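Secondary and tertiary structure notes
Okay, here's what each chain looks like letter by letter:
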Amino acid sequence: MELGQREQLMEDNPIAEQLRIETIKSIAHKISTKRQIREQLSQTVNRRATRSKSIGLIRRYRYSGKLYVTRAVKLLKSFVTNFELFYGSMKQIEGHFGSRISAYFKFLRRLLVLNLVLLLFIGSFVIFPQLLAGHEPAGSVRDVNARQDFHLRDLFTGEGYLSESVMYYGSYSNRSFTLVPGTAEYSLPHAYFLTITVLSLATFVVVSISMGRSYRVSFIESSATVQNILTHKIVCSWDYGIANEKAARLKHATILNELRDYLAQRNRAPFVAGRWHRLRREALRLVVHVTVLAMISAVAASLWALLVRFGETDHFTAWSALYVSVVSNVTMVAFGYACQLLGQLEQYRQV
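Quick caveat: nothing in here was measured; it's all calculated off a predicted structure.

Considering the UniProt feature "transmembrane region" (unreviewed entry) in the chain
Feature annotation in UniProt places "transmembrane region" (unreviewed entry) on residues 111-132, 191-211, 286-307 and 319-339, given in this structure's numbering. Annotated as 100% helix and 0% strand, the span residues 191-211 places its first and last C-alpha atoms 30 Å apart.

Next up, the structure:
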């Protein structure tokens, strides 16, 4: 078609459109033929315009990659925001014991997540490089200890074969190594020191920020904005996003426990202590402190006597770590009950 070869008519703009209309009108053909010519010209113009405006293959791949990365980041943020460890257990604790008790377990959950992060970094920068470095040179003290036979008691004591293991007490090397000759060396002492230092500082910062934020929300902002606490708990405590019966029952129990706790604290009459009562209370506290110091001294003397009496025997040398840990744990459990009984004598709740 001769009209398709004229560049002025094939441009995609209003002037070229008007020229096409005038040119088609001047053609000596039937109206149906003119309509067909106009449709063909319009299709050709649209096809050329689309081809000229289309992007290249590399740019298309780049835009597609950015689009997929953006979607992946949004999905990851949504997953991290909605994903909570022990979500059902936390809701049950909150429903049965209130939000104050659940806050403690939420804090423990956050510490668990921090420990998992620490495990990931320590395993990547300390444990895994130590495994790649291999054993110490033949004939060294650590190499001799690493060749000890494995015994069942090593699982309980951590001694013997496991004393030079990276998974237990550890025997991290103080040397540098490289897997490919001629490349930079990896210093295990520096890796251990820098990893532990950076992670300790990061953990301190994260815990401090979390505690500061919780304190601001729980005490500073709430004390400044919430005046009628009882009205706020009754009217504004319900979560309208609950969609099942079990969650509704847990939320109902949570609100009920919080109201009971608040009313119990509010209706508690202030205790006025007399002179003799204060004297008796201080005397009891003095006795409790002396008793605790005596118990600690008795435990220390018992452990010292145990080590002096049996410390030289081969059997005790092999099982000493287990004996000391068992005695320490049993003592701590017994001390817990003893301190609970002694705490009742101190009468701190009546202050």
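Quick notes on helix H10 (residues 245-267)
Residue pairs spaced three or four apart in an α-helix point in one direction, given the helix's 3.6 residues per turn. An ideal rise of 1.5 Å per residue puts 33 Å on 23 residues; H10 measures up with 33 Å between its terminal C-alpha atoms. Restricting attention to buried positions, one finds in H10 the residues Leu250, Thr254, Ile255, Glu258 and Leu259.

Digging into the confidence of the model for the chain
In the predicted model, the chain carries a mean pLDDT of 75, and 75% of its residues have values of at least 70. Per-element mean pLDDT across the chain ranges from 53 in helix H6 (residues 141-146) up to 85 in strand S2 (residues 186-187).

What about the packing of aromatic side chains?
Scanning the model with the defined rule gives 2 aromatic pairs in all. Ring centres 5.5 Å apart and planes at 75° place the aromatic pair tyrosine 104 and phenylalanine 105 in the edge-to-face group. Classification of phenylalanine 105 by relative accessible area gives partly exposed; the value is 32%. The interplanar angle of 10° and the centroid separation of 6.2 Å between the aromatic rings of phenylalanine 121 and phenylalanine 125 together place this pair among those described as stacked. Of this pair, phenylalanine 121 and phenylalanine 125 both sit in helix H5 (residues 99-133), 4 residues apart, which is roughly one turn of the helix. Residue class for phenylalanine 121 comes out partly exposed when judged on its relative accessible area of 36%.

Regarding the pattern of salt bridges
Opposite charge on two side chains permits them to pair, given that their charged atoms come into close proximity. Enumeration over the complete set of coordinates arrives at 2 salt bridges. Among the ionic pairs, glutamate 245 bridges to arginine 249, the shortest N-O distance being 3.2 Å. One end of the pair, glutamate 245, and the other, arginine 249, are both in helix H10, 4 residues apart, so they sit about a helical turn from each other. A relative accessible area of 59% means that glutamate 245 is categorised as exposed. Note that arginine 285 and glutamate 282 form a salt bridge whose closest N and O atoms lie 3.8 Å from each other. Taken together, the residues span about one helical turn, with arginine 285 and glutamate 282 both in helix H11 (residues 275-310) at a distance of 3 residues.

Observations concerning the side chain of threonine 195
Assignment of secondary structure puts threonine 195 in helix H8 (residues 188-225). Here threonine 195 falls in the buried class, since its relative accessible area comes to 11%. Ignoring any residue separated from it by four or fewer positions in sequence, one finds threonine 195 in contact with Phe121, Ile122, Phe125 and Val126.

Basis of the calculations
Residues numbered from 1 in each chain as written. Predicted model: local features only at pLDDT ≥ 70, side-chain atom pairs only at ≥ 80, totals over all residues. Heavy atoms only, no water. UniProt positions renumbered as here; feature names shortened; annotations may be inferred. Helix = DSSP H or I, 4+ residues; strand = E, 2+ residues; numbered from the N terminus. Expected span 1.5 Å × (residues − 1). Buried < 20%, exposed > 50% of the residue type's maximum accessible area, 1.4 Å probe, protein only. pLDDT = per-residue confidence, 0-100. Phe/Tyr/Trp six-rings, centres within 6.5 Å; stacked < 30°, edge-to-face > 60°. Salt bridge = Lys/Arg side-chain N within 4 Å of Asp/Glu carboxyl O. Contact = heavy atoms within 4.5 Å.

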